Amino acid sequence: MDIIDRLKYLRSHYKLTQAEFAKAIGLSQGNVSDMERRKFHPSIDTVISVCRYFSISADWILLGIGNGPGESIDHQSATQKVEAVFDPDLKKMIDILQNFMLSGDPDLRGWTKVQFMRAFGEQSAAVEEKKQHA
């Protein structure tokens, strides 16, 4: 499940139409439709709007860490997933990201998310597009 799948899940969980969901997060219904058809990925501003409106963690939307709507974040589960990584370089990178995201400092968390999306947003979109055409 990726960002778009989680946003679609969130919309269906609350039984919202695309128009209702769009209004809640400040987009047009057409933008929501295009996003759900993977014509583009949501911006960080859209993710923030979703988090604020639905009182949900960006960790779940962006990374799939923790639980979905209406449930508390399960940091232990996220830690167990990291422990299962065998590549030492990958584990080190995940540990750094996890420390930033679990720091409790909203400025550091925000900075981390922006930097992550800058670094990997286009790559993530390209990987998803390849999956779509495979």
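Right above here is the structure, for reference.
Residues numbered from 1 in each chain as written. Predicted model: local features only at pLDDT ≥ 70, side-chain atom pairs only at ≥ 80, totals over all residues. Heavy atoms only, no water.

A.B. asks: What should I look at first to understand the nonpolar core in this one?
C.D. replies: In globular proteins that are soluble, nonpolar side chains generally tend to be buried together. Counting 18 residues, the largest nonpolar core has Leu7, Phe21, Val50, Phe54, Ile56 and Ile61 as its most contacted members. For valine 50, the residues in contact, after removing those within four places along its chain, are Leu7, Leu10, Phe21, Ile25, Ser55, Ile56 and Ile61. (Core = buried A, V, L, I, M, F, W, Y, C linked by side-chain atoms within 4.5 Å. Buried < 20%, exposed > 50% of the residue type's maximum accessible area, 1.4 Å probe, protein only. Contact = heavy atoms within 4.5 Å.)

A.B. asks: Help me understand the packing of helix H2 (residues 18-25) against helix H4 (residues 44-54) in this model?
C.D. replies: For any two helices packed against each other, one specifies the crossing angle of their axes together with the interaxial distance. At a minimum axis separation of 9 Å, H2 and H4 run at an interaxial angle of 95 degrees. Considered as vectors, H2 and H4 are oriented roughly perpendicular to each other. Contact residues: H2 offers Phe21, Ala24 and Ile25, while H4 offers Thr46, Ser49, Val50, Tyr53 and Phe54. Grouping the constituent residues of the contact of H2 with H4 by class yields six nonpolar, two polar and no charged. (Axes fitted to C-alpha atoms, helices over the stretch in contact; angles between N-to-C directions. Helix = DSSP H or I, 4+ residues; strand = E, 2+ residues; numbered from the N terminus. Parallel < 35°, antiparallel > 145°, perpendicular 65-115°, else oblique. Nonpolar A, V, L, I, M, F, W, Y, C, P; charged D, E, K, R; others polar.)

A.B. asks: Before we go on, may I ask you to explain H2 in this structure?
C.D. replies: Residues spaced three or four apart along an α-helix face the same direction, because each turn holds 3.6 residues. Every buried residue of H2 is accounted for by Gln18, Phe21, Ala22 and Ile25. With its buried residues spanning 100 degrees around the axis, H2 presents them on a single face. Glycine 26 sits one or two residues past H2 and shows a positive phi near 80 degrees. (Arc of directions from axis to C-beta.)

A.B. asks: Help me understand the packing of H2 against helix H3 (residues 29-36), please; the structure alone is not making it clear to me.
C.D. replies: H3 packs onto H2 with a crossing angle of 110 degrees between their chain directions and a minimal axis gap of 8 Å. Regarding the angle of H2 to H3, the classification is roughly perpendicular. Along the contact surface, H2 presents Gln18, Ala19, Phe21 and Ala22, while H3 presents Gln29, Val32, Ser33 and Glu36. Looking at the contact of H2 with H3 residue by residue, the classes come out as four nonpolar, three polar and one charged.

A.B. asks: What exactly am I supposed to notice about the environment of phenylalanine 40 here?
C.D. replies: Relative to the elements of secondary structure, phenylalanine 40 occurs in the loop between H3 and H4. Look at phenylalanine 40 and you get partly exposed, because its relative accessible area is 31%. Between the C-alpha atom of phenylalanine 40 and that of isoleucine 4, which follows or precedes it by 36 residues, the distance is 9.4 Å. Not counting residues within four places of it along the chain, the set of residues in contact with phenylalanine 40 comprises Ile4, Asn31, Asp34 and Met35.

A.B. asks: Which parts of the structure should I look at to understand the packing of aromatic side chains?
C.D. replies: Applying the stated rule across the entire model yields five aromatic pairs. An angle of 75 degrees between the planes, with centres 4.8 Å apart, marks the rings of tyrosine 53 and phenylalanine 54 as edge-to-face. A residue is classified by how much of its surface remains accessible, and phenylalanine 54, at 11% relative accessible area, is buried. Among the aromatic residues, ring-to-ring pairing joins Tyr14, Phe21, Tyr53 and Phe54 into one connected group. (Phe/Tyr/Trp six-rings, centres within 6.5 Å; stacked < 30°, edge-to-face > 60°.)

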